[in-house]
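Single-letter residue listing:
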Amino acid sequence: MTLVDVIEKLEAAYPPARAESWDAVGLVCGDPAQPVRRVLFAVDPVAAVADEALEWGADLIVTHHPLYLRGTTTVAATTPKGRLIHRLIKNDVALYTAHTNADVANPGVSDALARTVGLAGDLVPLRPFPDDPWRGLGRVGELPEPSTLGEFAALAAQRLPRTSWGIRVAGDLARPVRRVAVSGGAGDSLLGAARAADVDVFLTADLRHHPASEFVETGGPALIDAAHWATEWPWLDSAASILAASGVNVETRVSATVTDAWTRGY
Ligand SMILES: [Zn+2]
């Protein structure tokens, strides 16, 4: 397989045209003609993930987060990002990003999160595209059985990969929970959509004090705030499975390296 063959399959699942205008998705480094045998999936393009890729002998790293979201004038090895690019190019490892185009895909980042925390049945986008009700940001679904906020939070903590950030809950733990909204990554911008969707709880990441406090004060759904990395990590397995099922003859692996920014809680 060559890199261009693998990219073709990835882009069928995660069309780059669906990425947000501010986003930077696609091939970061690598030659489309280079051979690809092993593909590592990871959330963040950071040094620990490059270590893992080189140790395993990966030819391609597919990450959710872009290495360079904004423009740069240098890839000199004097910065962490420049060093990463140097290591990858010297070792013939390509880097490819599927970010907001993976968020809005079907199945996308929030589908994987929803299934991981136990949602069953149909999942619909929390903020669907005007031209496609089955694609968009976030997902809404139901738990197979009625639960409580405390039980659901415990389940989410058990099912999501462990981080020092853990799981934080805002709301009455005894509150009944059945209808759930989720959004992988920072979900601040979807708080209004979660309220409008009439869910019992909204699980996302990176919620800040004031929006969360005001949301709960005004009688909105309960909130669960998980580690950013942990909410997006379940997508890696989904993306690896989609690539493996697409007919390309490559070996896939999901990075187990915890790259959440927060490394210790007290
Ligand atoms: Zn993210």
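Going by the structure above, here's the rest.
Residues numbered from 1 in each chain as written. Predicted model: local features only at pLDDT ≥ 70, side-chain atom pairs only at ≥ 80, totals over all residues. Heavy atoms only, no water.

What is the right way to read the pairing of strand 5 (residues 120–129) from this model?
For a regular strand, side chains alternate in direction, first toward one face of the sheet and then toward the other. As judged from the 6 bridges shared by strand 5 and strand 6 (residues 132–148), these two strands associate in the antiparallel manner. Across the sheet, the residue bridging to Pro128 is Gly136, located in strand 6. Counted along the chain from strand 5 to the antiparallel partner strand 6, the turn is 2 residues long. (Pairing = 2+ DSSP bridges. Helix = DSSP H or I, 4+ residues; strand = E, 2+ residues; numbered from the N terminus.)

I would appreciate a short explanation of the coordination of the zinc ion in the present structure.
Binding of the zinc ion to the protein goes through His65 (NE2), His228 (NE2), Glu232 (OE) and Glu232 (OE), at separations of 2.1 to 2.4 Å. Around the zinc ion sit 4 donor atoms, and with donor-metal-donor angles ranging over 58 to 128 degrees the site reads as irregular. Mapped onto the polypeptide sequence, the residues donating to the zinc ion form the spacing pattern H-x162-H-x3-E. Pair noted here: His228 and Glu232 are both in helix 9 (residues 228–245), with a separation of 4 residues, about one helical turn. Relative accessible area serves as the criterion here: at 2%, Glu232 is assigned to the buried category. (Donors = N, O, S within 2.8 Å, 3.2 Å for Na, K, Ca; no water. Tetrahedral: all angles 85-135°; square planar, octahedral: opposite > 155°, others 65-115°. Buried < 20%, exposed > 50% of the residue type's maximum accessible area, 1.4 Å probe, protein only.)

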